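Structure assessment
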Amino acid sequence: MKILETLRLRAAAKPQHIVLPEGEDERTILAAHMVDRLKMARLTLIGNVEKITEKARSLGVDLGPFTVVD
């Protein structure tokens, strides 16, 4: 597990911008939430904004930190 923690710390030290093309997928929204919570990257989710918003709300995920693009 030490290597995973090392990678997480390196990513958090210099956050990059990641675009996730399957933004409507529940797994993508949850992964984006985890990446944001760990401050590892800035994220953009791509997909239908209404569907992403609805799915995130049902999962209890705040979309505030993300850019969502249709």
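It should be noted that the structure appears before, not after, this text.
Figured I'd write up the structure that's included with this text. Computed from a predicted model, the values in this text were never measured in an experiment.

The rules behind these values
- Residues numbered from 1 in each chain as written.
- Predicted model: local features only at pLDDT ≥ 70, side-chain atom pairs only at ≥ 80, totals over all residues.
- Heavy atoms only, no water.
- Salt bridge = Lys/Arg side-chain N within 4 Å of Asp/Glu carboxyl O.
- Helix = DSSP H or I, 4+ residues; strand = E, 2+ residues; numbered from the N terminus.
- Buried < 20%, exposed > 50% of the residue type's maximum accessible area, 1.4 Å probe, protein only.
- Pairing = 2+ DSSP bridges.
- Right-handed = clockwise from strand over helix to strand, strands pointing away.
- Patch = residues over 30% accessible without salt bridge, like charges linked within 9 Å, V, L, I, M, F, W, Y side chains within 5 Å.
- Areas by Shrake-Rupley, 256 points an atom, 1.4 Å probe, with all protein chains shown as cover.
- Lys, Arg positive; Asp, Glu negative; His and termini not counted.
- Charge placed at Lys NZ, Arg CZ, Asp CG, Glu CD.
- Contact = heavy atoms within 4.5 Å.
- Polar contact = N/O pair within 3.5 Å; in protein donor to acceptor, adjacent residues only side chain to side chain.

**Brief notes about the pattern of salt bridges**
Evaluated as defined, the whole model comprises two salt bridges. Arg-8 is the salt-bridge partner of Glu-5, the closest N and O atoms lying 3.0 Å from each other. Note that Glu-5 and Arg-8 are positioned in helix H1 (residues 2-13) at a spacing of three residues, about one turn of the helix. With relative accessibility at 37%, the residue Glu-5 sits in the partly exposed group. One salt bridge connects Asp-25 with Arg-27, and the closest N-O pair in it is separated by 3.0 Å. The exposure class assigned to Asp-25 is partly exposed, which follows from its relative accessible area of 23%. A relative accessible area of 63% means that Arg-27 is categorised as exposed.

**Some points on the pairing of strand S1 (residues 16-20)**
The sheet contact formed by S1 and strand S2 (residues 41-46) spans five bridges and is parallel. Residue His-17 lies in a different strand from S2, and its bridge partner there is Arg-42. With helix H2 (residues 26-37) bridging S1 and the parallel S2, this β-α-β connection has right-handed handedness.

**Here's the deal with a negative patch on the surface**
The grouping of Glu-24, Glu-50, Glu-54 and Asp-70 at the surface amounts to a negative patch. The topology assignment puts Glu-24 in the loop between S1 and H2.

**A word on the environment of Gly-47**
Note on placement: Gly-47 falls in the loop between S2 and helix H3 (49-59). Gly-47 sits in the buried class, given a relative accessible area of 11%. Considering only alpha carbons, one finds Gly-47 and Asp-70, 23 residues apart in sequence, at a separation of 4.7 Å. Every residue in contact with Gly-47, bar those within four places of it in the chain, is listed here: Glu-24, Ile-52, Val-69 and Asp-70.

**Considering H3**
For H3, the capping residue at the N-terminal end is Asn-48, with a side-chain oxygen 3.0 Å from the backbone nitrogen of Glu-50. One or two positions beyond H3, positive phi appears at Gly-60, with a value near 75°.

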